[in-house]
Amino acid sequence: MPYRPRSTLEQWRILQAVVDAGGYAQAAEVLSKSQSSLNHAVAKLQTQLGVELLEVRGRKAYLTEAGEVMLRRSRLLTQQVEDLELLASNINQGWEPEIRIAVELAYPRRYLNQALAAFYPLSRGSRIQLIDSVITGTAEIIQQKRADLVIAASAVVPKGYLGEPLYTTRFIPVTGKDNPLAAISVLDQNELSQHLQLVIRDTAQKPQENAGWLRAEQRWTVNNFDEAIDIMQLGLGFCWLPDFMAADAISRGSLVQLKVNNSSERLASISLIAPQEETLGPGSKQLRQLLLAVHNKT
(Lines give C-alpha, C1' and ligand atoms only; values in the text may rest on other atoms or scores of the structure.)
Protein backbone atom coordinates (compact mmCIF):
# COMPACT_ATOMS: atom_id res chain seq x y z
CA MET A 1 0.00 0.00 0.00
CA PRO A 2 1.24 3.55 -0.70
CA TYR A 3 2.56 5.45 2.30
CA ARG A 4 0.09 7.88 3.88
CA PRO A 5 1.58 10.70 5.96
CA ARG A 6 0.34 10.96 9.54
CA SER A 7 1.20 14.64 9.77
CA THR A 8 0.41 17.71 7.67
CA LEU A 9 2.49 20.66 6.52
CA GLU A 10 0.20 22.96 8.46
CA GLN A 11 1.01 21.13 11.70
CA TRP A 12 4.73 21.51 11.08
CA ARG A 13 4.32 25.19 10.25
CA ILE A 14 2.44 25.70 13.51
CA LEU A 15 5.18 23.93 15.47
CA GLN A 16 7.79 26.13 13.82
CA ALA A 17 5.80 29.28 14.64
CA VAL A 18 5.39 28.27 18.31
CA VAL A 19 9.14 27.71 18.65
CA ASP A 20 10.14 30.83 16.71
CA ALA A 21 7.70 33.08 18.58
CA GLY A 22 8.61 31.60 21.95
CA GLY A 23 5.18 30.25 22.98
CA TYR A 24 1.62 29.49 21.98
CA ALA A 25 0.23 32.92 22.82
CA GLN A 26 2.87 34.74 20.81
CA ALA A 27 2.49 32.33 17.86
CA ALA A 28 -1.28 32.81 17.93
CA GLU A 29 -0.77 36.54 17.35
CA VAL A 30 1.68 35.93 14.50
CA LEU A 31 -0.57 33.41 12.76
CA SER A 32 -3.85 35.19 13.61
CA LYS A 33 -5.19 31.96 15.08
CA SER A 34 -6.57 31.09 18.49
CA GLN A 35 -4.16 29.77 21.07
CA SER A 36 -6.37 26.75 21.66
CA SER A 37 -6.21 25.76 17.98
CA LEU A 38 -2.40 25.84 18.07
CA ASN A 39 -2.34 23.78 21.25
CA HIS A 40 -4.64 21.25 19.65
CA ALA A 41 -2.57 21.09 16.42
CA VAL A 42 0.74 20.46 18.23
CA ALA A 43 -0.83 17.99 20.65
CA LYS A 44 -2.35 16.05 17.75
CA LEU A 45 0.99 16.08 15.92
CA GLN A 46 2.75 14.60 18.95
CA THR A 47 0.07 11.94 19.32
CA GLN A 48 0.20 11.02 15.64
CA LEU A 49 3.98 10.67 15.73
CA GLY A 50 4.19 9.12 19.18
CA VAL A 51 6.98 11.56 20.05
CA GLU A 52 7.00 14.45 22.53
CA LEU A 53 8.19 17.53 20.66
CA LEU A 54 7.48 20.39 23.08
CA GLU A 55 7.33 20.82 26.81
CA VAL A 56 5.85 23.90 28.45
CA ARG A 57 7.63 25.57 31.34
CA GLY A 58 5.73 28.49 32.75
CA ARG A 59 4.49 30.47 29.76
CA LYS A 60 7.15 29.30 27.32
CA ALA A 61 7.36 26.18 25.17
CA TYR A 62 10.70 24.43 24.86
CA LEU A 63 11.81 21.78 22.39
CA THR A 64 12.70 18.35 23.58
CA GLU A 65 15.82 16.69 22.15
CA ALA A 66 13.62 14.75 19.72
CA GLY A 67 11.76 17.96 18.94
CA GLU A 68 14.99 19.73 17.94
CA VAL A 69 15.77 17.02 15.40
CA MET A 70 12.24 16.88 14.03
CA LEU A 71 11.95 20.66 13.82
CA ARG A 72 15.20 20.95 11.88
CA ARG A 73 14.03 18.35 9.37
CA SER A 74 10.59 19.94 9.13
CA ARG A 75 12.10 23.27 8.10
CA LEU A 76 13.74 21.55 5.14
CA LEU A 77 10.42 19.99 4.21
CA THR A 78 8.38 23.18 4.37
CA GLN A 79 11.09 25.13 2.50
CA GLN A 80 11.09 22.55 -0.28
CA VAL A 81 7.32 22.82 -0.61
CA GLU A 82 7.54 26.61 -0.74
CA ASP A 83 10.27 26.38 -3.39
CA LEU A 84 8.19 23.93 -5.41
CA GLU A 85 5.12 26.16 -5.31
CA LEU A 86 7.20 29.22 -6.18
CA LEU A 87 8.75 27.37 -9.10
CA ALA A 88 5.28 26.47 -10.41
CA SER A 89 4.25 30.11 -10.12
CA ASN A 90 7.41 31.28 -11.89
CA ILE A 91 6.93 28.79 -14.73
CA ASN A 92 3.37 30.04 -15.11
CA GLN A 93 4.73 33.60 -15.34
CA GLY A 94 7.33 32.62 -17.95
CA TRP A 95 10.35 32.33 -15.63
CA GLU A 96 12.53 29.50 -16.96
CA PRO A 97 12.94 26.33 -14.87
CA GLU A 98 16.42 25.94 -16.46
CA ILE A 99 18.87 28.37 -18.06
CA ARG A 100 21.51 26.95 -20.40
CA ILE A 101 24.75 28.88 -20.86
CA ALA A 102 27.37 27.85 -23.42
CA VAL A 103 30.82 29.18 -22.54
CA GLU A 104 33.86 29.39 -24.80
CA LEU A 105 36.84 27.86 -22.98
CA ALA A 106 38.97 30.91 -23.78
CA TYR A 107 36.72 33.12 -21.64
CA PRO A 108 37.74 33.84 -18.01
CA ARG A 109 35.14 32.06 -15.88
CA ARG A 110 35.66 34.39 -12.92
CA TYR A 111 33.41 36.99 -14.57
CA LEU A 112 30.60 34.53 -15.17
CA ASN A 113 30.95 33.17 -11.64
CA GLN A 114 30.55 36.68 -10.21
CA ALA A 115 27.36 37.14 -12.24
CA LEU A 116 26.03 33.75 -11.13
CA ALA A 117 26.72 34.62 -7.48
CA ALA A 118 24.66 37.80 -7.88
CA PHE A 119 21.96 35.89 -9.77
CA TYR A 120 21.51 33.11 -7.22
CA PRO A 121 19.36 35.09 -4.73
CA LEU A 122 17.13 36.14 -7.66
CA SER A 123 17.07 32.79 -9.44
CA ARG A 124 13.65 31.61 -8.15
CA GLY A 125 14.81 28.01 -8.22
CA SER A 126 15.94 28.02 -11.84
CA ARG A 127 18.59 25.44 -12.56
CA ILE A 128 21.77 26.52 -14.35
CA GLN A 129 23.42 24.30 -16.95
CA LEU A 130 26.91 25.31 -18.12
CA ILE A 131 28.12 23.93 -21.45
CA ASP A 132 31.79 24.08 -22.47
CA SER A 133 32.25 24.98 -26.12
CA VAL A 134 35.17 25.55 -28.48
CA ILE A 135 35.57 27.19 -31.88
CA THR A 136 32.93 26.01 -34.38
CA GLY A 137 31.20 24.06 -31.63
CA THR A 138 30.13 27.43 -30.25
CA ALA A 139 28.80 28.54 -33.64
CA GLU A 140 26.87 25.27 -33.88
CA ILE A 141 25.19 25.86 -30.50
CA ILE A 142 24.12 29.33 -31.65
CA GLN A 143 22.70 28.09 -34.96
CA GLN A 144 20.90 25.17 -33.37
CA LYS A 145 19.69 27.37 -30.48
CA ARG A 146 20.84 24.84 -27.88
CA ALA A 147 21.54 27.47 -25.22
CA ASP A 148 19.76 30.53 -23.87
CA LEU A 149 22.99 32.54 -23.57
CA VAL A 150 26.24 31.93 -25.43
CA ILE A 151 29.64 33.39 -24.58
CA ALA A 152 31.49 33.04 -27.88
CA ALA A 153 34.58 34.15 -29.76
CA SER A 154 33.27 36.89 -32.04
CA ALA A 155 35.07 35.39 -35.04
CA VAL A 156 32.87 32.28 -35.01
CA VAL A 157 29.51 33.99 -34.46
CA PRO A 158 27.31 33.10 -37.48
CA LYS A 159 25.99 35.86 -39.71
CA GLY A 160 22.70 37.30 -38.56
CA TYR A 161 23.47 37.08 -34.84
CA LEU A 162 24.47 40.13 -32.86
CA GLY A 163 26.65 39.93 -29.79
CA GLU A 164 27.48 42.30 -26.96
CA PRO A 165 31.24 42.61 -26.37
CA LEU A 166 32.49 41.18 -23.08
CA TYR A 167 36.22 40.63 -23.16
CA THR A 168 39.31 40.39 -25.35
CA THR A 169 41.36 37.27 -24.76
CA ARG A 170 45.09 37.49 -25.42
CA PHE A 171 46.58 34.21 -26.64
CA ILE A 172 50.31 33.63 -26.23
CA PRO A 173 52.49 30.71 -27.41
CA VAL A 174 53.94 28.74 -24.50
CA THR A 175 55.87 25.55 -23.89
CA GLY A 176 57.29 23.63 -20.95
CA LYS A 177 60.59 24.78 -19.41
CA ASP A 178 62.27 21.50 -20.46
CA ASN A 179 61.16 21.69 -24.09
CA PRO A 180 63.99 22.56 -26.54
CA LEU A 181 61.82 25.43 -27.83
CA ALA A 182 62.19 27.17 -24.47
CA ALA A 183 65.92 27.69 -25.12
CA ILE A 184 65.39 29.52 -28.45
CA SER A 185 65.37 33.27 -28.01
CA VAL A 186 63.27 34.12 -31.09
CA LEU A 187 61.37 31.71 -33.37
CA ASP A 188 59.80 32.17 -36.77
CA GLN A 189 56.50 30.63 -37.83
CA ASN A 190 58.08 28.03 -40.11
CA GLU A 191 60.36 26.82 -37.34
CA LEU A 192 57.49 26.63 -34.87
CA SER A 193 55.36 24.61 -37.30
CA GLN A 194 57.94 21.81 -37.25
CA HIS A 195 57.21 21.08 -33.59
CA LEU A 196 54.38 19.29 -31.81
CA GLN A 197 51.37 21.55 -31.27
CA LEU A 198 48.72 20.89 -28.64
CA VAL A 199 45.25 21.95 -29.77
CA ILE A 200 41.88 22.03 -28.03
CA ARG A 201 39.21 19.71 -29.39
CA ASP A 202 36.51 21.47 -31.37
CA THR A 203 33.18 20.68 -29.70
CA ALA A 204 31.20 20.84 -32.94
CA GLN A 205 29.45 17.73 -34.23
CA LYS A 206 31.22 18.41 -37.53
CA PRO A 207 34.44 20.15 -36.48
CA GLN A 208 36.53 22.18 -38.88
CA GLU A 209 39.96 20.69 -38.42
CA ASN A 210 41.73 23.72 -39.90
CA ALA A 211 40.01 26.30 -37.73
CA GLY A 212 42.24 28.37 -35.48
CA TRP A 213 46.04 28.73 -35.62
CA LEU A 214 46.96 25.21 -36.67
CA ARG A 215 50.04 25.35 -38.88
CA ALA A 216 51.91 22.45 -37.28
CA GLU A 217 51.53 19.11 -39.03
CA GLN A 218 52.18 17.23 -35.81
CA ARG A 219 49.27 17.82 -33.44
CA TRP A 220 47.86 16.32 -30.30
CA THR A 221 44.23 17.15 -29.55
CA VAL A 222 43.11 17.51 -25.93
CA ASN A 223 39.81 18.39 -24.27
CA ASN A 224 40.79 21.62 -22.55
CA PHE A 225 43.63 24.01 -21.74
CA ASP A 226 44.36 22.36 -18.39
CA GLU A 227 45.21 19.08 -20.15
CA ALA A 228 47.49 20.99 -22.54
CA ILE A 229 49.29 22.62 -19.59
CA ASP A 230 49.84 19.24 -17.90
CA ILE A 231 51.38 17.79 -21.07
CA MET A 232 53.61 20.82 -21.70
CA GLN A 233 54.92 20.66 -18.15
CA LEU A 234 56.30 17.24 -19.10
CA GLY A 235 58.36 18.95 -21.81
CA LEU A 236 56.10 17.98 -24.73
CA GLY A 237 54.67 20.34 -27.34
CA PHE A 238 53.64 23.97 -27.42
CA CYS A 239 50.22 25.59 -27.29
CA TRP A 240 48.55 28.95 -27.80
CA LEU A 241 47.07 29.63 -24.36
CA PRO A 242 44.91 32.48 -23.02
CA ASP A 243 47.33 34.60 -21.02
CA PHE A 244 45.16 34.42 -17.89
CA MET A 245 45.44 30.61 -17.94
CA ALA A 246 49.19 30.61 -18.50
CA ALA A 247 50.10 33.32 -15.98
CA ASP A 248 50.49 31.14 -12.87
CA ALA A 249 52.57 28.44 -14.57
CA ILE A 250 54.79 31.09 -16.21
CA SER A 251 55.32 32.83 -12.86
CA ARG A 252 56.29 29.48 -11.29
CA GLY A 253 58.69 28.80 -14.15
CA SER A 254 57.06 25.54 -15.30
CA LEU A 255 55.95 27.15 -18.56
CA VAL A 256 57.85 29.55 -20.78
CA GLN A 257 56.34 32.13 -23.13
CA LEU A 258 57.78 31.81 -26.64
CA LYS A 259 58.82 34.75 -28.74
CA VAL A 260 57.74 34.41 -32.36
CA ASN A 261 58.68 36.86 -35.10
CA ASN A 262 55.71 39.16 -35.82
CA SER A 263 53.38 36.79 -33.99
CA SER A 264 53.97 36.69 -30.24
CA GLU A 265 50.30 37.19 -29.40
CA ARG A 266 46.86 36.84 -30.95
CA LEU A 267 43.72 38.59 -29.79
CA ALA A 268 40.23 37.12 -29.76
CA SER A 269 37.16 39.20 -28.96
CA ILE A 270 34.56 37.45 -26.81
CA SER A 271 30.86 38.35 -27.08
CA LEU A 272 27.58 37.48 -25.40
CA ILE A 273 24.84 36.22 -27.71
CA ALA A 274 21.21 35.28 -27.10
CA PRO A 275 20.37 32.92 -30.00
CA GLN A 276 16.63 33.27 -29.32
CA GLU A 277 16.42 36.93 -28.40
CA GLU A 278 12.74 37.17 -29.29
CA THR A 279 11.77 34.44 -26.80
CA LEU A 280 14.46 34.98 -24.16
CA GLY A 281 13.02 34.33 -20.70
CA PRO A 282 13.07 36.81 -17.81
CA GLY A 283 15.65 34.78 -15.87
CA SER A 284 18.04 34.74 -18.82
CA LYS A 285 17.54 38.47 -19.31
CA GLN A 286 18.31 39.10 -15.65
CA LEU A 287 21.47 37.00 -15.81
CA ARG A 288 22.58 38.73 -19.01
CA GLN A 289 22.28 42.14 -17.37
CA LEU A 290 24.27 40.97 -14.35
CA LEU A 291 27.05 39.60 -16.56
CA LEU A 292 27.26 42.83 -18.55
CA ALA A 293 27.34 44.78 -15.29
CA VAL A 294 30.30 42.71 -14.05
CA HIS A 295 32.27 43.62 -17.16
CA ASN A 296 31.27 47.27 -17.01
CA LYS A 297 32.89 47.47 -13.57
CA THR A 298 36.25 46.19 -14.88
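The structure reproduced in this document is the subject of the present report. (Residues numbered from 1 in each chain as written. Predicted model: local features only at pLDDT ≥ 70, side-chain atom pairs only at ≥ 80, totals over all residues. Heavy atoms only, no water.)

**A short note on the overall build of the chain**
Scanning the chain from terminus to terminus reveals 10 helices and 11 strands. Taken against the 2.2 N^0.38 rule, which gives 19 Å for 298 residues, the C-alpha radius of gyration of the chain at 29 Å runs more than 25% over that of a compact globule. The principal-axis extents of the C-alpha atoms in the chain amount to approximately 90 × 45 × 45 Å. Per-residue burial over the chain gives 43% buried out of 298 residues. When contacts within the chain are restricted to residue pairs at least 6 apart in sequence, those whose partners lie at least 24 apart make up 71%. For the chain, the distance from the average position of its 31 positive side-chain charges to the average position of its 31 negative side-chain charges is 5 Å. (Helix = DSSP H or I, 4+ residues; strand = E, 2+ residues; numbered from the N terminus. Rg over C-alpha atoms; globule rule 2.2 N^0.38 Å. Buried < 20%, exposed > 50% of the residue type's maximum accessible area, 1.4 Å probe, protein only. Contact = heavy atoms within 4.5 Å. Lys, Arg positive; Asp, Glu negative; His and termini not counted. Charge placed at Lys NZ, Arg CZ, Asp CG, Glu CD.)

**Section: the packing of aromatic side chains**
By convention here, two paired aromatic rings are described through the distance between centres and the angle between planes. Considering all chains together, one arrives at 4 aromatic pairs under this definition. Relative to Phe-244, the ring of Tyr-167 has its centre 6.5 Å away and its plane inclined at 80 degrees; by these criteria the two rings are edge-to-face. One end of the pair, Tyr-167, is in strand β6 (residues 164-176); the other, Phe-244, is in helix α9 (residues 243-252), and 77 residues separate them in sequence. Among the residues examined, Tyr-167 registers a relative accessible area of 19% and is labelled buried. The class of Phe-244 is partly exposed, set by a relative accessible area of 25%. Seen in terms of ring centroids, Phe-171 and Phe-225 are 6.5 Å apart; in terms of plane orientation they differ by 50 degrees. Their pairing is tilted. Taken as a pair, Phe-171 in strand β6 and Phe-225 in helix α8 (residues 225-232) lie far apart in primary sequence, 54 residues in all. Each of the two residues, Phe-171 as well as Phe-225, counts as buried. An aromatic cluster is defined as three or more aromatic residues linked by ring pairs; in this entry it consists of Tyr-107, Tyr-111, Tyr-167 and Phe-244. Between Arg-266 and the ring centre of Trp-240, over which it is positioned, the NZ or CZ distance is 4.0 Å. (Phe/Tyr/Trp six-rings, centres within 6.5 Å; stacked < 30°, edge-to-face > 60°. Lys NZ or Arg CZ within 6 Å of the ring centre and 35° of its normal.)

**A few points about unusual backbone geometry**
Note on backbone geometry: most residues besides glycine have negative phi, and most peptide bonds are trans. In this structure, Ser-32 takes a positive phi of about 55 degrees despite not being glycine. As for its placement among the helices and strands, Ser-32 is situated in the loop between α2 (24-31) and α3 (35-49). The backbone phi angle of Lys-145 is positive, close to 55 degrees, even though this residue is not glycine. Position of Lys-145 relative to the elements: it lies in the loop between α6 (136-144) and β5 (149-153).

**Concerning helix α10 (residues 282-297)**
Here α10 spans 23 Å end to end across 16 residues, near enough to the 22 Å set by a 1.5 Å rise per residue. Those residues of α10 lying buried are Gly-283, Ser-284, Leu-287, Arg-288, Leu-290, Leu-291, Leu-292, Val-294 and His-295. For α10, the elements touching its buried residues are β3 (98-104), α5 (109-119), β4 (127-133), β5, β6 and β11 (266-273). (Expected span 1.5 Å × (residues − 1).)

**A word on the nonpolar core**
With 28 residues, the main nonpolar core has Met-232 and Leu-241 as its most contacted residues. Contributing elements (two or more residues each) for this core: β6, β7 (197-200), α8, β9 (238-242) and α9. Here the element with the most residues in this core is α8; it accounts for 5 residues. Here Met-232 is in contact with Val-174, Thr-175, Gly-176, Leu-198, Gly-237, Phe-238, Cys-239, Leu-241 and Leu-255, once residues within four sequence places are set aside. In terms of nonpolar packing, the next biggest core, distinct from the first, is built from 26 residues, Val-103, Leu-166, Ile-270 and Leu-290 among them. (Core = buried A, V, L, I, M, F, W, Y, C linked by side-chain atoms within 4.5 Å.)

**So, the packing of α5 against α10**
At their nearest, the axes of α5 and α10 sit 9 Å apart, and the two run at 130 degrees to each other. Viewed along their axes, α5 and α10 adopt a mutual orientation that is oblique. Between α5 and α10 the crossing geometry is right-handed. Contact with α5, carried on its side by Tyr-111, Leu-112, Gln-114, Ala-115, Leu-116, Ala-118 and Phe-119, involves Gly-283, Gln-286, Leu-287, Leu-290, Leu-291, Val-294 and His-295 of α10 and no other residues of that element. Class assignment of the residues belonging to the contact of α5 with α10 gives a composition of 10 nonpolar, 4 polar and no charged. (Axes fitted to C-alpha atoms, helices over the stretch in contact; angles between N-to-C directions. Parallel < 35°, antiparallel > 145°, perpendicular 65-115°, else oblique. Left-handed = near helix turned anticlockwise from the far one by under 90°. Nonpolar A, V, L, I, M, F, W, Y, C, P; charged D, E, K, R; others polar.)

**Section: the pattern of salt bridges**
Taken as a whole and assessed by the stated rule, the structure comprises 10 salt bridges. Here Arg-109 ties to Asp-132 by a salt bridge, and the two come within 2.3 Å at their closest N and O atoms. One end of the pair, Arg-109, is in helix α5; the other, Asp-132, is in strand β4, with 23 residues separating them in the sequence. Between Asp-243 and Arg-170 there is a salt bridge, with the nearest N and O atoms lying 3.5 Å from each other. You can see Asp-243 sitting in helix α9 and its partner Arg-170 sitting in strand β6, a full 73 residues away along the chain. (Salt bridge = Lys/Arg side-chain N within 4 Å of Asp/Glu carboxyl O.)

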